[in-house]
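The residues making up each chain are set out below.
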Amino acid sequence: MEDGYQATQELLKKTNPPTALIAINDLLGMAAIRAASDMGLRVPDDVSIAGFDDIPFTNFIVPRLTTVAGNPKQNGRDAVRLLLKRLNDPDRPKEVIAGGGELHIRESTGPASV
C-alpha cells in the first residue's frame, strides 16, 4: 500500500495530473484516496479513484471506494480448465476468457471538475 500511496502522489504532482485513477485492487485504491487527501485534494471533486475486488473495507472509508466486483472462484475454475487443456495439448491455439465483473459506483468517482 505504501508503494501505491507514493505512486499516487507522484502522478498527482505532475504538471497535468490525471482526473481519474484506477487501482489494480481495492487496497491500492484506498491508499490512493489517502494520498490524494494528504495532498489536499478532494476525492472525487479533484480526482476520481476506483479499484477492483469489492473487499468489505471499501464501504467503511471516506469516501466509499468505487470498485469492480469480480468472481474469483469462477476465474480460478477457468484458469485450471485452460491449464489442463494446455497440458493435454501444448500446441493448441491460445484461448482468452473475458471475466465478468460488476461495477459498484460509490462516492470516490464523479465528473471531473472544470
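An account of the accompanying structure is given in this report. As the structure is a computational prediction, the values presented were derived from the model and not from experiment.

**Some details on the overall build of the protein**
Working step 1: Each helix and strand counted, the protein has three helices and four strands in total.
Working step 2: Counting helices and strands in the order they occur from the N terminus, the protein gives α-β-α-β-β-α-β.
Working step 3: Against the 2.2 N^0.38 benchmark of 13 Å for 114 residues, the protein shows a C-alpha radius of gyration of 18 Å, more extended than a compact globule.
Working step 4: In terms of principal-axis extent, the alpha carbons of the protein reach across some 55 × 30 × 25 Å.
Working step 5: Within the span of the protein, comprising 114 residues, buried residues form 27% of the whole.
Working step 6: Summed over all atoms, the accessible surface of the protein reaches about 7,800 Å², with 58% contributed by carbon and sulfur.

**Regarding a nonpolar patch on the surface**
Working step 1: Judged by side-chain polarity, Val80, Leu83, Leu84 and Leu87 come together as a nonpolar surface patch covering roughly 390 Å² of accessible area.
Working step 2: Mapped onto the elements, Leu84 comes out in helix α3 (residues 72-88).

**A word on the side chain of Thr66**
Working step 1: Here Thr66 shows up in strand β3 (residues 66-69).
Working step 2: Using a relative accessible area of 2% as the deciding quantity, one classes Thr66 as buried.
Working step 3: A polar side-chain atom of Thr66 sits 2.9 Å from the main-chain amide nitrogen of Arg106.
Working step 4: Only 2.8 Å separates the side chain of Thr66 from the side chain of Thr109, close enough to count as a polar contact.
Working step 5: The contact partners of Thr66, leaving out residues within four places of it in the chain, are Ile49, Ala50, Gly51, Leu103, His104, Ile105, Arg106, Glu107, Ser108 and Thr109.

**Considering the sheet that holds strand β1 (residues 20-22)**
Working step 1: Reading across from one edge, β1-β2-β3-β4 is the order of the four strands in this open sheet, with mixed pairing throughout. The open sheet has two edge strands with one neighbour each: β1 and β4 (102-104). In this sheet, adjacent strand axes meet at a mean angle of 15° when their direction is disregarded.
Working step 2: Note: β3 against β4, three bridges, orientation antiparallel. Among the inter-strand pairings, Ala69 is bridged to a residue of β4, identified as Glu102.

**Comments concerning the nonpolar core**
Working step 1: One finds Leu12, Leu21, Met30, Ala32, Ile33, Ala36, Val43, Val47, Ile49 and Leu65 forming the largest nonpolar core, which totals ten residues.
Working step 2: Sort the elements by how many residues they give to this core and helix α2 (residues 26-38) lands first, with four residues.
Working step 3: Not counting the four nearest positions on each side in its chain, Ile49 is found in contact with Leu21, Gly29, Ala32, Ile33, Ala36, Val43, Leu65, Thr66, Ser108 and Thr109.

**Here's the deal with unusual backbone geometry**
Working step 1: Pro44 follows Val43 through a cis peptide bond whose omega is 10°.
Working step 2: Tracing the chain through its elements places Pro44 in the loop between α2 and β2 (48-52).
Working step 3: With a phi close to 125°, Asp53 is a non-glycine residue in the positive phi region.
Working step 4: On the secondary structure map, Asp53 appears in the loop between β2 and β3.
Working step 5: Phi is positive for Asp54, close to 60°, though the residue is something other than glycine.
Working step 6: Here Asp54 lies in the loop between β2 and β3.

So, how was this worked out
Residues numbered from 1 in each chain as written. Predicted model: local features only at pLDDT ≥ 70, side-chain atom pairs only at ≥ 80, totals over all residues. Heavy atoms only, no water. Helix = DSSP H or I, 4+ residues; strand = E, 2+ residues; numbered from the N terminus. Rg over C-alpha atoms; globule rule 2.2 N^0.38 Å. Buried < 20%, exposed > 50% of the residue type's maximum accessible area, 1.4 Å probe, protein only. Areas by Shrake-Rupley, 256 points an atom, 1.4 Å probe, with all protein chains shown as cover. Patch = residues over 30% accessible without salt bridge, like charges linked within 9 Å, V, L, I, M, F, W, Y side chains within 5 Å. Salt bridge = Lys/Arg side-chain N within 4 Å of Asp/Glu carboxyl O. Polar contact = N/O pair within 3.5 Å; in protein donor to acceptor, adjacent residues only side chain to side chain. Contact = heavy atoms within 4.5 Å. Pairing = 2+ DSSP bridges. Axes fitted to C-alpha atoms, helices over the stretch in contact; angles between N-to-C directions. Core = buried A, V, L, I, M, F, W, Y, C linked by side-chain atoms within 4.5 Å.

These figures come from the coordinates and say nothing about function on their own.
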